[in-house]
Amino acid sequence: MEKLKSDIEIIDYLNRLDWITKVMVYPSEIIGEINKETTTIDRKDLNQLNALIDSDYYIMFQSRLICIERFNV
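Because the structure is predicted, anything quoted here is derived from the model rather than measured.

Cut-offs used in this document
- Along each chain, residue indices are assigned from 1 in the same order as the chain's sequence is written.
- In view of the model being predicted, local features appear only for residues whose pLDDT reaches at least 70, and side-chain atom pairs are presented and counted only at 80 or more, with totals across whole chains, interfaces and linings using the full set of residues.
- Hydrogens and water molecules were not included; the side-chain quantities draw on all heavy atoms of the structure.
- We call a set of buried Ala, Val, Leu, Ile, Met, Phe, Trp, Tyr and Cys residues a nonpolar core when their side-chain atoms join them within 4.5 Å.
- Each residue is placed in one exposure class: buried if its accessible area under a 1.4 Å probe, protein chains only, is under 20% of its type's maximum, exposed if it is over 50%, and partly exposed if it falls in between.
- Between two residues, a contact is recorded if the distance between any of their heavy atoms is within 4.5 Å.
- Numbering of helices and strands runs from the N terminus, with a helix taken as a DSSP run of H or I at least four residues long and a strand as a DSSP run of E at least two residues long.
- Polar contacts, as used here, are pairs of N or O atoms within 3.5 Å; protein pairs need one atom able to donate a hydrogen and one able to accept it. Residues neighboring in sequence count only if both atoms are side-chain atoms.
- The pairing test for Phe, Tyr and Trp rings, Trp by its six-membered ring, is centres within 6.5 Å, and the orientation test on the planes gives stacked under 30 degrees, edge-to-face over 60, and tilted for anything in between.

Chemist: Please give an account of the nonpolar core that cites residues and values.
Modeler: Residues Ile 10, Leu 14, Ile 20, Ile 30, Leu 49 and Ile 68 are the most contacted members of the largest nonpolar core, which totals 17 residues. What Ile 10 contacts, discounting residues up to four positions off in sequence, is Leu 4, Ile 30, Ile 53, Tyr 57 and Ile 68.

Here it is, written out as structure tokens:
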């Protein structure tokens, strides 16, 4: 699969994941709210997401949120 190179591609991908309930977009980041029923996230899912996003982005976690930020914004 090709790298996700734009915000739109990342947003579409996050919206397809079962464990993300809501996607919010801000000028410098994309935030996915993690489903309250999700107690663990499969490492395979995270590795796949990390491998898919372009090198202009990086992933952070905060509480029940996954945050994808852009470098050099």
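Past the structure itself, the notes keep going.
Chemist: Explain the side chain of Asn 35 to me, using residue names and the numbers behind them.
Modeler: Tracing the backbone through its elements, the reader meets Asn 35 in the loop between strand S2 (29-34) and helix H2 (43-52). Polar side-chain contacts of Asn 35 include one of 2.9 Å to the backbone nitrogen of Glu 37.

Chemist: Lay out the packing of aromatic side chains in plain terms, naming residues and giving numbers.
Modeler: Taken as a whole and judged by the stated rule, the model has one aromatic pair. Each ring, one from Tyr 58 and one from Phe 71, has its centre 4.6 Å from the other, and the planes form 35°; the classification is tilted. On the criterion of sequence distance, the pair formed by Tyr 58 in strand S3 (residues 57-62) and Phe 71 in the segment after strand S4 (65-70) is long-range, its members being 13 residues apart. For Tyr 58, a relative accessible area of 26% translates into the label partly exposed.

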